[in-house]
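What follows is the residue order along each chain.
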Amino acid sequence: MGMRVDIVTLFPEICAPFLNTSILGRAADKGLFEAHCHQLRAYTTNRQNQTDDYPYGGGCGMVLYAQPIADCLRAVAAQAAAQGRAKPHVVFMTAAGKPYTEEDAKRLAACDDLVLVCGHYEGIDQRVIDAFGDEELSIGDYVLTGGELASLVVADSVLRLQPGVLAEEKGYQEESYWDGLLEYPQYTRPEVWEGRAVPPTLLCGNHTKVDAWRAAQSRARTRARRPELYENWCATHPAPIPRWKRAESARLVKTPAQWQAVAEIYRACTGADAGADAPAPAALPQEAQGQGWAFYLHETAANPDAVVAVRHATGEIGWLYVQPAARSQGLGRKLLDFARKKLPEHPAPYLQGVGRHTALYTLCLGMGYTPAPGDGLAGECTLKMVYTRQNETAPE
Ligand code: SAM
């Protein structure tokens, strides 16, 4: 027996056609789920079949009575029980409800019977929500005239997850939000449309390369369009640390030539340039040495390309800079990992002044650092990121 969805509404004629059309219509015909739309007016007990009244306390608009909704919900529960189903899960669609997400869709898709109640006018008498509702959901930060579209949004996103509704499970598992990221861009024929070509990687026929390109696009899009989603994804998907290659090394900076290389990387990354009268910013790393910072210079095939520093007295990590030309190869991850392992005496190494929504911030999140308690709550734009990864074997 497939999932059952019940929509309680004053306008079943809006909802039923949607559920009977296209992918959902075909799936319902195959018996993969059953959907029922209930006319609320049929449950009124007054002579005029009135469903609403003025709000107590005054104000504009009308409020839906509790009684017809309660009786309709009791009738639905009785129908479900007669089919041997579990107690229905009752959701009230309200603009003030919890924002609906794909995670909710996954959760609700496991219900045996899902009941969606649509409000109208000014809304619904709160007492019936309190008495019968398992939860209130909102489909977004805007107000609709009624809950019909909202209930269809929930029904559609839940029903497409039912086994067999989509041709392949992969169909929804690769889509936006499933794994916390937005989907990569999609293309179809022709290869060139009005002078715009399909990205060449998609035509190369190498699935590993295509997958890597799509994954990178997905991360970049999410980072640019939905930084809060991206941060969440980074925090829940530990970043793998790339292997060090034979030609790579990171050495304690001691010689003038090494300090010069550090200064050049610093200048290339920060744009700091010594003006005629200004103090030479490139000298800053060397000055920092006097404040207890130990600098490490990373080289690939004897070419200096990144720098990081640690402060043993405090457990602080800082001065992490990767030459622009050497980015996107995991060097930042390697050096952050390297720096933490240089501080085995500190259980919770930290970075100061990390800008929110910066690459360093998401790098830290992916490597087990979280904002220090209290940081960022008052809207500060730079945070102290503290290493908090649990259950890790001691750094070697
Ligand atoms: N007075 C309500 C308020 O300010 O929150 C808005 C009532 S709205 C005009 C009428 C009905 O539309 C609601 O009872 C609810 O069922 C539905 N509705 C409106 N916006 C919604 C949203 N963003 N998500 C879910 N349901 C919504």
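Rules of the game
Residues numbered from 1 in each chain as written. Predicted model: local features only at pLDDT ≥ 70, side-chain atom pairs only at ≥ 80, totals over all residues. Heavy atoms only, no water. Helix = DSSP H or I, 4+ residues; strand = E, 2+ residues; numbered from the N terminus. Buried < 20%, exposed > 50% of the residue type's maximum accessible area, 1.4 Å probe, protein only. Polar contact = N/O pair within 3.5 Å; in protein donor to acceptor, adjacent residues only side chain to side chain. Near = heavy atom within 4 Å. Domains from an automatic or database assignment. Contact = heavy atoms within 4.5 Å. Buried area = accessible area lost by both parts, 1.4 Å probe. Salt bridge = Lys/Arg side-chain N within 4 Å of Asp/Glu carboxyl O. Arc of directions from axis to C-beta. Pairing = 2+ DSSP bridges. Axes fitted to C-alpha atoms, helices over the stretch in contact; angles between N-to-C directions. Parallel < 35°, antiparallel > 145°, perpendicular 65-115°, else oblique. Nonpolar A, V, L, I, M, F, W, Y, C, P; charged D, E, K, R; others polar.

## Let's talk about unusual backbone geometry
Then, number 1: The amide bond that connects R189 to the next residue, P190, takes the cis arrangement and shows omega of 0°.
Then, number 2: Tracing the sequence through the fold places P190 in the loop between α7 (170–173) and β9 (192–193).
Then, number 3: Positive phi outside glycine occurs at S328, with the angle close to 65°.
Then, number 4: Summarising the element assignment, S328 is placed in the loop between β14 (316–322) and α12 (331–341).

## Comments concerning the side chain of H38
Then, number 1: Secondary-structure assignment places H38 in strand β2 (residues 33–39).
Then, number 2: Owing to a relative accessible area of 8%, H38 belongs among the buried residues under this scheme.
Then, number 3: A polar contact is formed between the side chain of H38 and the side chain of D6, at a distance of 2.7 Å.

## Thoughts on the site of the ligand
Then, number 1: Around the ligand there are 19 residues in total, and M93, G119, E122, Y142 and L144 lie nearest to it.
Then, number 2: With respect to the ligand, the backbone of E122 contributes an N or O atom lying 2.9 Å from a nitrogen atom.
Then, number 3: Considering each element in turn, the shell around the ligand owes the most residues, 3 residues, to strand β5 (residues 89–99).

## Considering the domain arrangement of the protein
Then, number 1: Looking at the protein, the domain boundaries give domain 1 (3–170), domain 2 (192–236) and domain 3 (248–387).
Then, number 2: Its C-alpha centre places domain 2 at a distance of 28 Å from the equivalent point of domain 3.
Then, number 3: At the interface, 6 residues of domain 2 touch 8 residues of domain 3.
Then, number 4: On the domain 2 side of the interface with domain 3, the three residues burying the most area are R223, E231 and C234, jointly 75% of the side's total.
Then, number 5: The tally of links from domain 2 across to domain 3 stands at 1 salt bridge.

## Regarding helix α2 (residues 22–29)
Then, number 1: The complete set of buried residues in α2 reads L24, G25 and A27. Buried residues of α2, seen end-on, are gathered within an arc of 165° and therefore sit on one face of the element. The outward face of α2, more than 90 degrees from its buried face, is lined by the exposed residues R26 and D29.
Then, number 2: Elements that come into contact with the buried residues of α2 comprise α1 (12–19), β2 and α6 (148–159).
Then, number 3: The positive-phi residue at the C-terminal boundary of α2 is G31, with phi of around 80°.

## Concerning the environment of R214
Then, number 1: Assignment of secondary structure puts R214 in helix α8 (residues 207–225).
Then, number 2: For R214, a relative accessible area of 25% translates into the label partly exposed.
Then, number 3: Along the primary structure R214 and G290 are separated by 76 residues, whereas in three dimensions their C-alpha atoms are 46 Å apart.
Then, number 4: Not counting residues up to four positions away in its chain, the partners in contact with R214 are Y184, Q186 and L202.

## Thoughts on the sheet that holds strand β4 (residues 63–64)
Either a parallel or an antiparallel arrangement is found when strands of a sheet pair, and the pairing is made through backbone hydrogen bonds.
Then, number 1: The 3 strands lie next to each other as β3-β4-β7, forming an open sheet whose pairing is mixed. Taken across any chain shown, the strands that pair with only one partner, and hence form the sheet edges, are β3 (52–53) and β7 (123–124).
Then, number 2: Note: β3 against β4, 2 bridges, orientation antiparallel. Bridging across to β4, D53 finds its partner in V63.

## Here's the deal with the sheet that holds strand β6 (residues 113–118)
Then, number 1: Overall, parallel pairing links the 5 strands, which are arranged β2-β1-β6-β5-β8 in an open sheet. Single-partner strands in this sheet number two, and they are β2 and β8 (135–138). Each neighbouring strand pair of the sheet contributes to a mean axis angle of 30°, computed without reference to strand direction.
Then, number 2: When strand β1 (residues 3–9) meets β6, the two strands line up parallel, connected through 5 bridges. Bridge pairing in β6 places I7 opposite L116.

## Focus on the packing of α8 against helix α9 (residues 227–236)
Then, number 1: At a closest axis distance of 5 Å, the pairing of α8 and α9 adopts a crossing angle of 130°. Our classification of the angle between α8 and α9 gives oblique. Across the interface between the two elements, R219, T222, R223, A224 and R225 of α8 pack against P227, L229, Y230 and W233 of α9.
Then, number 2: For the contact of α8 with α9, the per-class residue count stands at 5 nonpolar, 1 polar and 3 charged.

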